[in-house]
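Working through the structure, step by step
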Amino acid sequence: MIPGGQTLGVLGGGQLGLFFVLAAQRHGYPVWVLDPDPHCPAARTAARHLCAPLDDPVALEEFTRGVAAITVESENIPAATLAHCAAWMRPGPEAVRIAQDRCLEKSFLRDLDLPVAPFIALDAGTPLPPVTDDFPFPALLKTARWGYDGKGQETVVRAEDLAAAWQTLGAVDAVLEARVDLAAEFSILLARGEDGMVVFYPAAHNYHRDGILDLTLVCATEPTAVEAEARHMALRIAEALDYIGVLAVEFFVDGHGEILINELAPRPHNSGHFSLDASIHSQFDQQLRCLCGLPLGDTRLLSPVAMMNLLGDLWNPQEPDWSSILEHPQTKLWLYGKREARPRRKMGHLTILPEHSHAIAKTVAALRRSLALPDLPPLGFLPECADPGLLPTAPHRPEHE
Ligand code: AMP
């Protein structure tokens, strides 16, 4: 166990790094942040900001000399950094290495017999692999690395279009993935301690727009059969990786109600931001607890909740006037303090904590109107939201451990 007062490190200083710093500080741990951006969100609150590329050898040496343990806010960590920090890292470097490469990730999941959309790996510097007649088109071509929020993706309508799409993406390592006829998307977030104890958050139901998470809804219902199955899959992944930390697993639900795993995040996740306001312990509290070997916290939901992302597109031409948002007493505004508002950049989020779950859709619609955001498709595929009841999600030990 790492006692309070010891210095912790986080690789990356975006909003996820910032929230980790805040959680750690609250528990008496100063945090050093390594991030090349002098204005990164975590820099203002961190005890120390090492402003250098993540693979800068001098900065890495200083970082590992100064901290007792290291966590990550992103899976996009250079291999040299993973190697240098391996002895301090939770989760370990292998989980991060797998999650940062879509080809590795999908092969890992397939080897575990977990369901993923049909895919074909394309390796840079080698000829296009054959596409069998039964491969379903249209499909998506995604770069294996560095893609997020729909970046680094091209639609491929027919097999004949694949070569051109690959060139558009720079002919880098990529994965051709069947397009799923999406009925719903949700994520399962768990925290796993060093003793194998696991806690789950209630499933986060996610609505994307243009490949970016727009809205998450979470209610304290008992897990549905589909959610229970997804939890079981997430647990298998965590165990296979001997994972220590917070793990997010994104799921697709197809038109037949079957679930497929989209991707993994070896860290807290945007769809878990609801937990900052609506859970007994947030995903960042759990990240800290896992990192320091502290007991896991209770994940129960205190209120039904919606989380809505605020993207840079809203800063057009300047920061929105938040007064109409602040007029909603059950809505909380989070701004990450990023200096430059670019389109699609995550600048902040809202948490909406209505008294009754059936008020969520109405409040969300009103908030969206006041920000001139388009309506979302009807929130029809949500499970019926129960009124806030507390879910029995006390830490549970997998039976075979
Ligand atoms: P990703 O960056 O791969 O998580 O993709 C971002 C979003 O794009 C997902 O959350 C989906 O809404 C959509 N998407 C990605 N891959 C697929 C797919 N194979 N079929 C349908 N929609 C997809």
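Quantities reported herein were computed from a predicted structural model and do not represent experimental measurements.

Rules used throughout
- Residues numbered from 1 in each chain as written.
- Predicted model: local features only at pLDDT ≥ 70, side-chain atom pairs only at ≥ 80, totals over all residues.
- Heavy atoms only, no water.
- Helix = DSSP H or I, 4+ residues; strand = E, 2+ residues; numbered from the N terminus.
- Rg over C-alpha atoms; globule rule 2.2 N^0.38 Å.
- Buried < 20%, exposed > 50% of the residue type's maximum accessible area, 1.4 Å probe, protein only.
- Contact = heavy atoms within 4.5 Å.
- Areas by Shrake-Rupley, 256 points an atom, 1.4 Å probe, with all protein chains shown as cover.
- Lys, Arg positive; Asp, Glu negative; His and termini not counted.
- Charge placed at Lys NZ, Arg CZ, Asp CG, Glu CD.
- UniProt positions renumbered as here; feature names shortened; annotations may be inferred.
- 1 Å grid on protein atoms, 1.4 Å probe; cavity = no way out; pocket = protein on both sides within 12 Å on 5 of 7 lines; lining within 4 Å.
- Points joined across faces, edges and corners; volume = space filled by probe spheres on them.
- Nonpolar A, V, L, I, M, F, W, Y, C, P; charged D, E, K, R; others polar.
- Polar contact = N/O pair within 3.5 Å; in protein donor to acceptor, adjacent residues only side chain to side chain.
- Domains from an automatic or database assignment.
- Buried area = accessible area lost by both parts, 1.4 Å probe.
- Salt bridge = Lys/Arg side-chain N within 4 Å of Asp/Glu carboxyl O.
- Near = heavy atom within 4 Å.
- Pairing = 2+ DSSP bridges.
- Axes fitted to C-alpha atoms, helices over the stretch in contact; angles between N-to-C directions.

1. Side note on the overall build of the chain
Secondary structure summary: the chain contains 11 helices and 17 strands in total. A compact globule built from 401 residues would reach a C-alpha radius of gyration of about 21 Å, and the chain, at 21 Å, matches this within 12%. Overall size of the chain, expressed as C-alpha extent along the three principal axes, is 60 × 55 × 50 Å. When burial is assessed residue by residue, the chain has 55% of its 401 residues classed as buried. Counting contacts in the chain only where the partners sit at least 6 residues apart, residues at least 24 apart contribute 64% of the total. Put simply, the chain shows about 17,000 Å² of open surface, and 53% of that area lies on carbon and sulfur atoms. Computed over 32 positive and 51 negative side-chain charges, the inter-centroid distance for the chain is 5 Å.

2. Some words on the UniProt feature "domain: ATP-grasp" (unreviewed entry) in the chain
Under the UniProt annotation, "domain: ATP-grasp" (unreviewed entry) lies at residues 106-292. Strand forms 33% of residues 106-292 and helix 23%; the C-alpha atoms that close the span are 30 Å apart.

3. Details of empty space enclosed by the protein
Tallied over the entire structure, the rule returns four cavities of 30 Å³ or more. Looking at the second largest cavity, its volume works out to about 50 Å³. Taken together, 14 residues form the lining of the second largest cavity, with Thr71, Arg90, Pro91, Val246 and Gln287 sitting closest to its centre. If you list the elements that add at least two residues to the lining of the second largest cavity, you get strand S4 (69-72), strand S13 (245-254) and helix H9 (283-292). Counting residues per element, the lining of the second largest cavity draws most heavily on H9, which supplies three residues. The class makeup of the residues in the lining of the second largest cavity is nine nonpolar, three polar and two charged.

4. Here we look at the side chain of Glu177
Its place among the elements puts Glu177 in strand S8 (residues 174-178). There is a polar contact of 3.0 Å between the side chain of Glu177 and the side chain of Lys106. Within polar-contact distance, the side chain of Glu177 engages the side chain of Lys142 at 3.1 Å.

5. A look at the environment of Thr351
By the secondary structure assignment, Thr351 is in strand S17 (residues 346-352). The sequence separation of Thr351 and Asp277 amounts to 74 residues, and the corresponding C-alpha distance is 7.1 Å. Not counting chain neighbours up to four residues away, the residues in contact with Thr351 comprise Phe274, Asp277, Val305, Ala306, Gln330, Thr331, Lys332 and Trp334. Here the side chain of Thr351 touches Trp334 through a polar contact of 3.5 Å, side chain to side chain.

6. Regarding the domain arrangement of the chain
For an interface, size is often stated in terms of accessible area lost upon the parts coming together. Per the domain assignment, the segments making up the chain are domain 1 (8-89), domain 2 (118-178) and domain 3 (182-371). One C-alpha centre belongs to domain 2, the other to domain 3; they are set 29 Å apart. The interface is formed by four residues belonging to domain 2 together with seven residues belonging to domain 3. Carbon and sulfur atoms supply 34% of the area that domain 2 and domain 3 bury against each other, a total of about 350 Å² over both sides.

7. What about the pattern of salt bridges?
The full count for this structure, using the stated rule, is 16 salt bridges. Across the salt bridge formed by Arg26 and Asp285, the nearest N and O atoms sit 2.5 Å from each other. On the criterion of sequence distance, the pair formed by Arg26 in helix H1 (residues 15-26) and Asp285 in helix H9 is long-range, its members being 259 residues apart. Overall, Asp285 belongs to the buried group, its relative accessible area being 5%. Across the salt bridge formed by Asp242 and Arg192, the nearest N and O atoms sit 3.1 Å from each other. Of the two residues, Asp242 is situated in the loop between helix H7 (225-240) and S13 and Arg192 in strand S9 (residues 182-192); the sequence distance between them amounts to 50 residues. We classify Arg192 as buried; its relative accessible area is 4%. When salt bridges with common partners are traced through the structure, they connect Lys106, Lys142 and Glu177 into a single cluster.

8. A closer look at the site of the ligand
Close contacts around the ligand come from 17 residues, with Lys142, Glu177, Val180, Glu185 and Glu263 the closest. One of the side-chain nitrogen or oxygen atoms of Glu177 is found 2.7 Å away from a nitrogen atom of the ligand. Expressed as a share of its isolated accessible area of 480 Å², the protein-covered part of the ligand is 91%. Those elements giving two or more residues to the shell around the ligand turn out to be strand S6 (139-143), S8, S9, S13 and strand S14 (259-265). Grouping the constituent residues of the shell around the ligand by class yields five nonpolar, five polar and seven charged. Looking at the shell around the ligand, you find at least three residues from each of domain 2 (118-178) and domain 3 (182-371).

9. A look at the sheet that holds S6
Taken in spatial order, the four strands line up as S5-S8-S6-S7 in an open sheet, and their pairing is antiparallel. Where the open sheet ends on each side, the last strands, each with one partner, are strand S5 (119-122) and strand S7 (153-156). Within the sheet, the average angular offset between the axes of one strand and its neighbour, ignoring direction, is 20°. Both S6 and S8 contribute to a ladder of five bridges, which runs antiparallel. Pairing of Leu141 across the sheet is with Leu176, part of S8. Running over the sheet, helix H5 (residues 102-111) touches S5, S6, S7 and S8 and is turned about 50° from S8.

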